[in-house]
Amino acid sequence: MESSLLLQRYRSDRRKLLELLVSTNLLPAPALASLDLDTISADYVLECIQSGGDFDPSEASRRYREGLDYPIMINMSSGRFYFLLSRPELSGSPPVRIAPQVGMETSTSHPSSSAGKLDNLIGKGTGKCQIENAADTSALNLPSQPAKDAKALSLGLPSITTELSDDDMQQTAYEVLLALFILSRREADLFQDEKNGKNFRVSSEQATNDELGSLTEDCNYSLLEISEAISALTKKGLRNFTLKMMHKQADVPRITLQLLSVICSSDFLTERSYVRWQKRQANILEELLLHSISSISVTPAKLSNLISNLRNNRIAETLKALRNYAAELSSMPGKFGIPHETLYWTESYHFNIKLYEKLLSSVFDVLEDGQLLQEAEEILAVLRLTWPILGITEKIHDALFAWELFVQFVQTGELKLLKLTVVELHKALSCEEGDMMGQYTSSLSCSVVASGGRRVLNLVDSVIFNINMWCCNQLEDYHLHFNQDNCSTFQDLLALACLTGSSFPYECAEIKYIRPTAENLSASKLAHMFVEKSIGATYRRVLNFLDAENLEKDHSLVMLANKLKAVAEKEYTLFSPVLCQQYPEAGIVAAVLLHQLYGKHLNPFLEVVSHLSESTIKVLAASNSLECYLTYILHSAYGEKKRSPTVNYIHPYQIRSFCSPLIAHWVQTQQNNILEWTQRAVNIEDWEPLSNRQRQAASIIEVFRIIEEIVDQFFSLNLPMDMSHLQSLLIGIRQSLQAYLLHIVNQQVDKSLLYPTPPALTRYEESVNPFTKKKPVEHLMLEDKTMNQLNDLTLPKLCVKLNTLHYLREQLDALEDAIKHSWVLLQTDDGQIFDVAKDDLPTSSGTVEELFTIFDDVRRRAVCASDMIVDFIGARAIFWDLRNSMIFSLYQGSVENARFEIFIPMLDEVLDTVCDLIVDLLRDQVVSSIFEATMDGYIWVMLDGGPARVFSESDAAMMQQDLNVLKDLFVADGQGLPQDVVEKEARLGEEILDLYAMKAETIIDMLMSASQQIPNHPEIKKPGRRSATDVDTLLRVLCHKKDKCASKFLKIRYQLPRSSDYEDTTGKVPSIGHA
């Protein structure tokens, strides 16, 4: 109540302000005196006074009418206040839908030319797409739902010539509905006390008076948004309308005249309200009567004068004349002879249709956008009461209701409204009318924009046409307007466009790229056109985006290919399944278009490329990826064997044939690089372990890092390759690893150089004269180069080399598996390119498995090098590192004074060093080599130990004890070598010890029986080549046996010198030689 009083005070103050301005003569008095002060803008008057400009009455009225669309504002020092016509506390919660983006408008005019519509899509006047973040194509698609510019939707009805606003039409619609409800003999229910509850459901055919009365009450407040005061006033004016319409057909002029005759200024709170109400009624009469004046005997001037008198509040003297004219028009027959038809059906159809649109809008919930009221069916049943006076037929109702549903969908994006629109349109299209009704419907003409000009259609066709145009406007760029979230909307819009498009051949620009086959239906052609236009629009947006971006990181063709592939993925996964329901080749058309559009940019680039630079690789890879995906789309629709007619429009990029020589040259360059880097790494290698965990050399890590980097680069090219390229890559890897192995092998020394030179054979005999000059035992000195090599081949370095070779074999296996896997993936992704069959692709002979046998030679060489080093480690440890403690000291002079006790700790230290350095998988192999070399050294002491080593039969027991200690050391209580391996290696030594335990005569007999012809100069055998029963072994046992019989035999048989004639200095001389 307080707000109502404040509003009345504001209106009173405004009128007083204008009267004051008139009295001060700041403006010419006649300028304002002749006008209704309640219909001019006070703000405009003040502006004219402040600026000293001329006062324009029409502009003052226009400004006032514009102000009616906005709340009344009061500017005060504490802030700005405005008045609401409704009560906000009763309005409920605010709408939950997302507000439309500012500035996003979509033209609803039919885009007949591609230039005009693409300007709006790309950004008119800028030439650039307004995008801040475009990491993917979603940044190019700004709207997330159809545009909501509902004001631009129009049926093209003739315009209302009078100043009737939307609110005026809303109130008039309520008056008409209420009047017809009264005429339906339910007047008494309208004036009952208002009921508390309004939740009800009634049948469209059988409704009680109480229920329909409640329905009308509900129309007052929530449906047609009519105030309680206006509702009561209207009911008062129509109270006796039923009596006056006895045996007469009601129409809008008669309802208006009835209200004018009953309602007066005293029924309103202010004079201004009454003037506005009266003016609205006058405008209604002018709109309806003047349009039909040619049918009655009255001049337009006379009728205009009567209506002018009505506006000037001279009601009594004009109502009678206007009532007579209205009665004359109402009594005239219709043009088509339809029951209940009046002249107003055809003469004022534009007014009737707009009035019925207002009535149809009452089925929507004003508090929740996009929702129909629960009582929608009942409301529609009541609205049927207006059909006879508004000229509404079943078909017209279905079409107009479909139109209202569609407009609400455009405003709110509510998908249910779109589905209902399809249902109502199906009803309208399937509704069959008789000849007279059909002629009447066809007479209701509307003017629509089509193909750049205007076209006249009947009302139903106008509804269908305008819905079709709006749908097409969205679908011509569906990539912009739709995404995953509103794909259902896209599907229903497409169905609606095809439904409405069947009534009108789509008038569009000529299809540029691919023409559909002649047997395609209109829906297929429409879907075909949507694909072409949307792909074209999206493509141009991408180009504008690329022009606006700073392309420093990637080549523009790379970004273009990636963007178009993203478009293709969205097309294939989101839109094609829907489009193919109307046009099976929709996905194929999109793929072909994208292939053609990108090819226009790629072909000039390929003409100037001569080598694989970084940017070239990216462009070719992106281009190939795009073409492969487009090929996948094609094959998904038609299969690899069946050709689509659309492939006739495709010219493959020929990326494979273009890249083949470039890739071959690139691989050759990498081959040289790998070999150079490998040689550089191994030349600076010091063969020190990386760490306790990584016991291999640093160089092999670097070599495989280089190889893996090249392999990664090879497969990261993402270019089509054949087996010749893979073969070249494998050959380059093999060459580098072979060079690495060759370097290791070349550093090795022949282990035969480690063995001491066996001294001359002698027989045991003590010297009689201690002062006799003795001969020295001769030794062969090694060259300095060989000595330097041996000094570099220390046990730790040899262990690191072994670990490195083991690591090489393991990494080579892993590398081979990785290359095979990457190659399979590459061949899987490298699909068939359009009409190029896979059988036609260039390949090398043999399978991939056969190709990888290239690495078998590397494995063989690595195994051979490992075996060589393992053998050398044992010989190096015993015959070089421990030569003084074992080879030259063990049993020197006598067995009792130079036993194994001195040698065992040193040997144990060597074993600890080796086990700490070698990897676990190689430990037993290396320890076995050391044990084998130890036994060789032990046998060398017993057979080639020189003149200072002689053994009696009693010494054999002590020597056997030493051998047992040695075996126990290597068995290590089950933690070392297996017992059987140790026993096998020690068998020859034990057999030789058994010979020393025998009598000399027995050994001589064995020697004589072993060979009938004993050479005069027995062969000197290397360690590891002996046998306990061969002639050489038996002879040397006799030479070192402390026995006179043996000495005598050797003197007579072989003329060997006495051992006392030689001075054995092997324990003092470090140099060794070979035989």
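Conventions and cut-offs
- Residue positions are given per chain, counted from 1 along the sequence in the order it is written.
- In keeping with the predicted nature of the model, local features appear solely for residues at pLDDT of at least 70, side-chain atom pairs appear and are counted solely at 80 or more, and the whole-chain, interface and lining totals rest on all residues.
- The basis for every side-chain value is the complete set of non-hydrogen atoms in the structure, without hydrogens or water.
- Helix numbering and strand numbering both begin at the N terminus, where a helix is a DSSP run of H or I of at least 4 residues and a strand a DSSP run of E of at least 2.
- For every residue, the accessible area (1.4 Å probe, protein chains only) is compared with the maximum for its type, and the residue is labelled buried under 20%, exposed over 50%, or partly exposed between those bounds.
- In this analysis, two residues are considered to be in contact whenever any of their non-hydrogen atoms come within 4.5 Å of each other.
- Accessibility throughout is a Shrake-Rupley quantity obtained with a 1.4 Å probe, and a residue counts as covered only by protein chains that appear here.
- A fitted line through C-alpha atoms serves as each axis, taken over the contacting stretch for helices, and the angle formed by two N-to-C directions is quoted from 0 to 180°.
- For classification purposes, angles smaller than 35 degrees are called roughly parallel, those larger than 145 roughly antiparallel, those between 65 and 115 roughly perpendicular, and all remaining angles oblique.
- Under the convention adopted here, Pro, Cys and the residues Ala, Val, Leu, Ile, Met, Phe, Trp and Tyr are nonpolar, Asp, Glu, Lys and Arg are charged, and Gly plus all remaining residues are polar.
- Definition used in this section: a nonpolar core is a set of buried Ala, Val, Leu, Ile, Met, Phe, Trp, Tyr and Cys residues joined via side-chain atoms within 4.5 Å.
- In the sections that follow, a salt bridge refers to a side-chain nitrogen of Lys or Arg positioned within 4 Å of a carboxyl oxygen of Asp or Glu.
- DSSP calls a pair of strands paired once it identifies at least 2 bridges connecting them.
- By this rule the span expected of a helix is its residue count minus one, scaled by 1.5 Å.
- We call Phe, Tyr and Trp rings a pair once their centres come within 6.5 Å, taking the six-membered ring for Trp, and we label the pair stacked below 30 degrees between planes, edge-to-face above 60, and tilted otherwise.
- Exposure above 30% relative accessible area and the absence of a salt bridge qualify a residue for a patch, where like charges join within 9 Å and nonpolar side chains (Val, Leu, Ile, Met, Phe, Trp, Tyr) within 5 Å.
- Note on charges: Lys and Arg go in the positive column, Asp and Glu in the negative column, and His and the chain ends are not counted at all.
- Where a charge lies is defined by one atom per residue type, namely NZ (Lys), CZ (Arg), CG (Asp) and CD (Glu).
- The predictor's confidence in any single residue is recorded as pLDDT, a number from 0 to 100.
- Here a polar contact is taken to be a pair of N or O atoms separated by no more than 3.5 Å, where protein atoms must pair a possible hydrogen donor with a possible acceptor and residues adjacent in sequence count only if both atoms sit in side chains.

If you check an unreviewed UniProt entry, the protein chain appears there as MHD2 domain-containing protein from Musa troglodytarum.

Trainee: I would appreciate a short explanation of the overall build of the protein chain in the present structure.
Mentor: Scanning the protein chain for helices and strands turns up 42 helices and 6 strands. Counting only residues that meet the buried cut, the protein chain has 50% of its 1075 residues in that class. Taking all contacts inside the protein chain whose residues are at least 6 apart in sequence as the whole, residues at least 24 apart take part in 77%. With the model as given, the accessible surface of the protein chain reaches about 51,200 Å², and the carbon-plus-sulfur share is 50%.

Trainee: Can you walk me through the packing of helix 6 (residues 166–183) against helix 15 (residues 349–360) in this structure?
Mentor: When two helices pack together, their arrangement is captured by the angle between the axes and the distance separating the axes. Two elements in contact, helix 6 and helix 15, have axes separated by 9 Å at closest approach and are oriented at 85°. As judged from the angle between their axes, helix 6 and helix 15 are roughly perpendicular. Note on element contacts: helix 15 touches helix 6 through Phe351, Lys354, Leu355, Lys358 and Leu359, opposite Asp166, Met169, Gln170, Thr172, Ala173, Val176 and Leu177. Residue classes in the contact of helix 6 with helix 15 are distributed as 7 nonpolar, 2 polar and 3 charged.

Trainee: Is there a simple way to think about the nonpolar core in this case?
Mentor: Grouped burial of nonpolar side chains is what soluble globular proteins tend to show. With 288 residues, the main nonpolar core has Phe406, Tyr598, Ile878, Ile930, Tyr938 and Phe970 as its most contacted residues. The residues touching Tyr938, leaving out its near neighbours within four places in the chain, are Met886, Leu890, Tyr891, Phe900, Met959, Leu963 and Leu993. With 10 residues, the next largest nonpolar core counts Leu21, Leu37, Ile40 and Cys48 among its residues.

Trainee: Can you help me understand the pattern of salt bridges in this one?
Mentor: Taken as a whole and assessed by the stated rule, the structure comprises 31 salt bridges. A salt bridge links Glu163 to Lys279; its shortest N-O distance comes to 3.2 Å. Of this pair, Glu163 sits in the loop between helix 5 (114–122) and helix 6 while Lys279 sits in helix 11 (residues 271–291), and the two are 116 residues apart along the sequence. In this structure Glu163 comes out as partly exposed when scored by relative accessible area, which is 40%. The class of Lys279 is partly exposed, set by a relative accessible area of 30%. In this structure, Asp881 engages Arg876 in a salt bridge whose closest nitrogen and oxygen atoms are separated by 3.1 Å. Salt bridges here are not isolated pairs; linked through shared partners, they connect Asp813, Glu816, Lys820, Glu849, Asp856 and Arg859.

Trainee: Got a minute to help me understand the pairing of strand 3 (residues 445–450) in this structure?
Mentor: Side chains on a regular strand alternate between the two faces of the sheet. Side chains Cys446, Val448 and Ala450 of strand 3 all project onto a buried face; the interleaved residues Ser445, Ser447 and Val449 project onto a face where none is buried. For strand 3 and strand 4 (residues 453–458), the ladder comprises 6 bridges, and the chain directions are antiparallel. Among the inter-strand pairings, Val449 is bridged to a residue of strand 4, identified as Arg454.

Trainee: Help me understand helix 24 (residues 522–548), please; the structure alone is not making it clear to me.
Mentor: A turn of α-helix holds 3.6 residues, and therefore any two residues three or four places apart point the same way. With 27 residues, helix 24 should reach 39 Å at 1.5 Å per residue; the first-to-last C-alpha distance of 39 Å fits that figure. Most of helix 24 sits inside the fold, with 21 of its 27 residues counted as buried.

Trainee: Would you take a moment to explain the packing of aromatic side chains for this structure?
Mentor: Two aromatic rings, taken as a pair, are described by how far apart their centres are and by the angle between their planes. According to the stated counting rule, one finds 29 aromatic pairs in the structure shown. Pairing Phe406 with Trp470 gives two aromatic rings, centres 5.3 Å apart and planes at 85°, and the pair type is edge-to-face. Placement of the pair is Phe406 in helix 18 (residues 394–412) and Trp470 in helix 21 (residues 459–475), with a sequence separation of 64 residues. For Phe406, a relative accessible area of 0% puts it in the buried group. With centroids separated by 4.7 Å and ring planes inclined at 80°, the aromatic side chains of Tyr755 and Phe879 adopt a geometry described as edge-to-face. One end of the pair, Tyr755, is in the loop between helix 30 (723–746) and strand 5 (775–776); the other, Phe879, is in helix 34 (residues 856–881), and 124 residues separate them in sequence.

Trainee: Mind showing me how you'd approach a negative patch on the surface here?
Mentor: A surface patch of negative charge is lined by Asp908, Glu909, Asp912 and Asp916. Looking at the secondary structure, you find Asp916 in helix 36 (residues 903–917).

Trainee: Would you mind showing me how to read the packing of helix 28 (residues 655–683) against helix 30 here?
Mentor: Between helix 28 and helix 30, whose axes approach to 9 Å, the crossing angle comes to 10°. With respect to each other, helix 28 and helix 30 are oriented roughly parallel. Listed contacts from helix 30 to Ser660, Ile663, Ala664, Val667, Gln671, Ile674, Leu675, Thr678, Val682 and Asn683 of helix 28 are His725, Ser728, Leu729, Ile731, Gly732, Gln735, Ser736, Ala739, Tyr740 and His743. In the contact of helix 28 with helix 30, the residues fall into 10 nonpolar, 10 polar and no charged.

Trainee: Just to check I follow, could you spell out the confidence of the model for the protein chain for this structure?
Mentor: Taken over all residues, the pLDDT of the protein chain has a mean of 78, while the share at 70 or more is 76%. Throughout residues 100–148 the model reports pLDDT below 50, and contacts reaching past four residues in sequence, or to other chains, amount to 96 contacts. Note that residues 1068–1075 has pLDDT below 50 and, in this model, 26 contacts with residues that lie over four places away or in other chains.

Trainee: Please explain the environment of Thr678 as it appears in this structure.
Mentor: Here Thr678 lies in helix 28. Spatially, the C-alpha atom of Thr678 lies 8.2 Å from that of Ile706, the residues being 28 residues apart in sequence. For Thr678, the contacting residues outside a window of four places in its chain are Val703, Ser736 and Tyr740.

Trainee: In this structure, what is going on with unusual backbone geometry? I would like to understand it.
Mentor: Glycine aside, residues mostly have negative phi angles, and peptide bonds mostly take the trans form. For Ala972, which is not a glycine, the phi torsion comes out positive at approximately 55°. Counting through the fold element by element, Ala972 comes out in the loop between helix 38 (955–971) and helix 39 (979–996). The backbone phi angle of Gln1055 is positive, close to 55°, even though this residue is not glycine. Structurally, Gln1055 can be placed in the loop between helix 42 (1044–1054) and strand 6 (1062–1063). Note on Gln1055: relative accessible area 58%, which makes it exposed.

Trainee: So what exactly am I meant to see when it comes to the side chain of Lys570 here?
Mentor: With respect to the secondary-structure elements, Lys570 resides in helix 25 (residues 556–579). Within the buried set, Lys570 has no salt-bridge partner at all; the shortest N-O distance to an opposite charge, 8.5 Å, is to Glu571. In terms of polar contacts, Lys570 uses its side chain to reach the backbone carbonyl oxygen of His479, at 3.3 Å.

Trainee: Please explain the environment of Val619 as it appears in this structure.
Mentor: By secondary structure assignment, the location of Val619 is in helix 27 (residues 614–638). Residue Val619 is classed as buried on the basis of its relative accessible area of 0%. It is 7.1 Å that separates the C-alpha atoms of Val619 and His555, two residues lying 64 residues apart in sequence. When residues no more than four places from it in sequence are discounted, the contact partners of Val619 are His555, Leu557, Val558, Tyr598, Leu602 and Phe605.

Trainee: How should a nonpolar patch on the surface be read in this particular structure?
Mentor: A grouping of Leu17, Leu20 and Leu46 is seen on the molecular surface, where their side chains present a nonpolar patch of about 220 Å² in accessible area. By the secondary structure assignment, Leu20 is in helix 1 (residues 2–23).

Trainee: Explain the environment of Leu164 here, please?
Mentor: Mapped onto the elements, Leu164 comes out in the loop between helix 5 and helix 6. The class of Leu164 is buried, set by a relative accessible area of 13%. With 118 residues separating them in the primary sequence, Leu164 and Ala282 have C-alpha atoms 9.9 Å apart. When near neighbours in sequence (up to four residues on either side) are disregarded, Leu164 contacts Met169, Arg280, Asn283, Ile284 and Phe351.

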